[in-house]
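What follows is the residue order along each chain.
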Amino acid sequence: MANSSEASTEANSECKVASPTVTKSPFRLKKSGPHKLSKDQRAIRDKVVAECEKNGILPMDDPHKLNDEDSVTRALIARNWDKGVTMTMLKHVNKWRRKEKVNDISSIATKKFNKPLRKYVDCALYGVDNDGYPILWQNADQKKVERLLSDHGHDGAVLLNTYIIERCREAAKLLNVDRFSIVLNLSTISASVLMGSVGQVLRAQVKATQQVYPENMRRCIIYNPPFVFRMIWSTIEILLDARVREKIKIGGNHIHELVPKKTIPPSFGGKAKVNWDKVQMTLHDKQMEAHPSP
């Protein structure tokens, strides 16, 4: 079966004359992830949707959005319900997606990095967390991180990060949920690398992700980080909103709070058989990936 992201890319390239349409949920969204929206917040959201439509900010040209109402809701949460700042953010996201050709990120990344992507990253979308959100498992392999930076530099690392996030968003949409969770294994990263280029890339990725992917991550666990990570974390933490910081847990003991035992891969202390070449979830393997065998 064809990859759904590739199919959507082909459709976009064949129908360039067609413009995206404003998509709204069949009901007025009353929650977003764990956030229950008050009547006043829904009223603010509806006003922003109307203003964005009037000013050409909507519709969002984003194949992995749930709908435009949801996109506005996420941005409002991320910007503390400030209407003006939210509209500026959405305008920036639209501009960024066009400039970076994010809708074609799958073909761009494949061409740039030359499959298999595992040459540069160990990650897999496998299973769902205790709340039904798809999980991205990632082993931060030191040699692969160094190879990525050596071959493609900082811009290449950002591109790969964008590709992975888009695959996570695709998986969430396939499972009819609005967020995804991440478990990142840093146990093999040395202090010197973490303090140097890798730390710089992490900070840049965190900052960029917060600006263009508001409220897409449900939770993140930093699994078995080296001791020096605490020092690096202090420089990353200041870039994050308090709301985002609350989603991130540091230490392997948190993994069982998030993930069913049968879903945990061996490198994270479990026994699940995970295909580390999978950084996307297709319709064909949706059920298998969402409900792995014990």
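Since the model is a prediction, treat every value here as computed from it, not as a measurement.

Draft legend 1. How the structure looks around the overall build of the protein chain. Secondary structure summary: the protein chain contains twelve helices and seven strands in total. Burial status across the protein chain gives 52% buried among its 294 residues. Here the analysis covers contacts within the protein chain between residues at least 6 apart in sequence; of these, 80% occur between residues at least 24 apart. Working note: accessible area of the protein chain is about 14800 Å², and carbon and sulfur atoms make up 53% of it.

Draft legend 2. Up close: the pattern of salt bridges. Considering all chains together, one arrives at 16 salt bridges under this definition. Among the ionic pairs, Arg169 bridges to Glu166, the shortest N-O distance being 3.2 Å. You can see Arg169 and its partner Glu166 sitting in helix 6 (residues 142-174), three residues apart, about one turn around the helix. The pair Arg169 / Glu166 is uniform in exposure class, with both members buried.

Draft legend 3. Quick look at helix 2 (residues 39-54). Look at helix 2: 23 Å from first C-alpha to last across 16 residues, which is about the 22 Å you get at 1.5 Å a residue. Within the sequence span of helix 2, burial applies to Arg45, Val48, Val49 and Cys52. The buried residues of helix 2 occupy an angular sector of 105° when projected down its axis, which confines them to one face. Turned more than 90 degrees from where helix 2 packs its buried face, Lys39, Asp40, Lys47 and Lys54 sit exposed.

Draft legend 4. Up close: helix 3 (residues 68-78). Of all eleven residues in helix 3, eleven are buried, a share of seventy percent or more. Along its buried surface, helix 3 packs onto strand 1 (31-32), strand 2 (35-36), helix 2, helix 4 (83-100) and helix 10 (242-245). Looking at where helix 3 begins, the residue whose side-chain oxygen comes 3.3 Å from the main-chain nitrogen of Glu69 is Asn67. Two residues or fewer past helix 3, Asn80 is found with a positive phi of approximately 55°.

Draft legend 5. Looking closely at the confidence of the model for the protein chain. When pLDDT is averaged along the protein chain, the result is 80; 80% of the residues meet or exceed 70. This stretch, residues 1-21, has a pLDDT under 50; its non-local contacts, to residues over four places away or in other chains, come to 21 contacts. A low-confidence stretch, residues 282-294 stays under pLDDT 50, and its non-local contacts, those more than four residues away or across chains, total 25 contacts.

Draft legend 6. The packing of helix 2 against helix 3, seen in detail. One can describe the packing of helix 2 onto helix 3 by two numbers: an axis separation of 10 Å at closest approach and a directional angle of 115°. Remark: the crossing between helix 2 and helix 3 carries right-handed chirality. For the pair formed by helix 2 and helix 3, the contact residues are Ile44, Arg45, Val48 and Val49 on the first element and Glu69, Val72, Thr73 and Leu76 on the second. When grouped by side-chain class, the residues that make up the contact of helix 2 with helix 3 number five nonpolar, one polar and two charged.

Draft legend 7. Molecular detail of the nonpolar core. By size, the foremost hydrophobic cluster in this structure holds 59 residues, and its most contacted members are Phe113, Leu160, Ile164, Ile222 and Ile248. When residues of this core are assigned to their parent elements, the largest contribution, eleven residues, is made by helix 6. Those residues in contact with Leu160, other than ones at most four positions away along the chain, are Phe113, Leu117, Tyr120, Val121 and Leu148. Ranked by size, the runner-up nonpolar core spans 15 residues in total, among them Ala124, Ile255, Phe268 and Val274.

Draft legend 8. Broad picture of the sheet that holds strand 4 (residues 134-139). Taken together, the five strands give an open sheet; going across it, the order is 3-4-5-6-7, and neighbouring strands pair in mixed fashion. In this open sheet, the two strands that pair with only one neighbour each are strand 3 (122-128) and strand 7 (248-250). Averaged over neighbouring strand pairs, the angle between their axes works out to 15° when direction is ignored. Pairing between strand 3 and strand 4: five bridges, direction antiparallel. Bridge pairing links Leu125 to Leu136 in strand 4.

What counts, and where the lines are drawn
Residues numbered from 1 in each chain as written. Predicted model: local features only at pLDDT ≥ 70, side-chain atom pairs only at ≥ 80, totals over all residues. Heavy atoms only, no water. Helix = DSSP H or I, 4+ residues; strand = E, 2+ residues; numbered from the N terminus. Buried < 20%, exposed > 50% of the residue type's maximum accessible area, 1.4 Å probe, protein only. Contact = heavy atoms within 4.5 Å. Areas by Shrake-Rupley, 256 points an atom, 1.4 Å probe, with all protein chains shown as cover. Salt bridge = Lys/Arg side-chain N within 4 Å of Asp/Glu carboxyl O. Expected span 1.5 Å × (residues − 1). Arc of directions from axis to C-beta. Polar contact = N/O pair within 3.5 Å; in protein donor to acceptor, adjacent residues only side chain to side chain. pLDDT = per-residue confidence, 0-100. Axes fitted to C-alpha atoms, helices over the stretch in contact; angles between N-to-C directions. Left-handed = near helix turned anticlockwise from the far one by under 90°. Nonpolar A, V, L, I, M, F, W, Y, C, P; charged D, E, K, R; others polar. Core = buried A, V, L, I, M, F, W, Y, C linked by side-chain atoms within 4.5 Å. Pairing = 2+ DSSP bridges.

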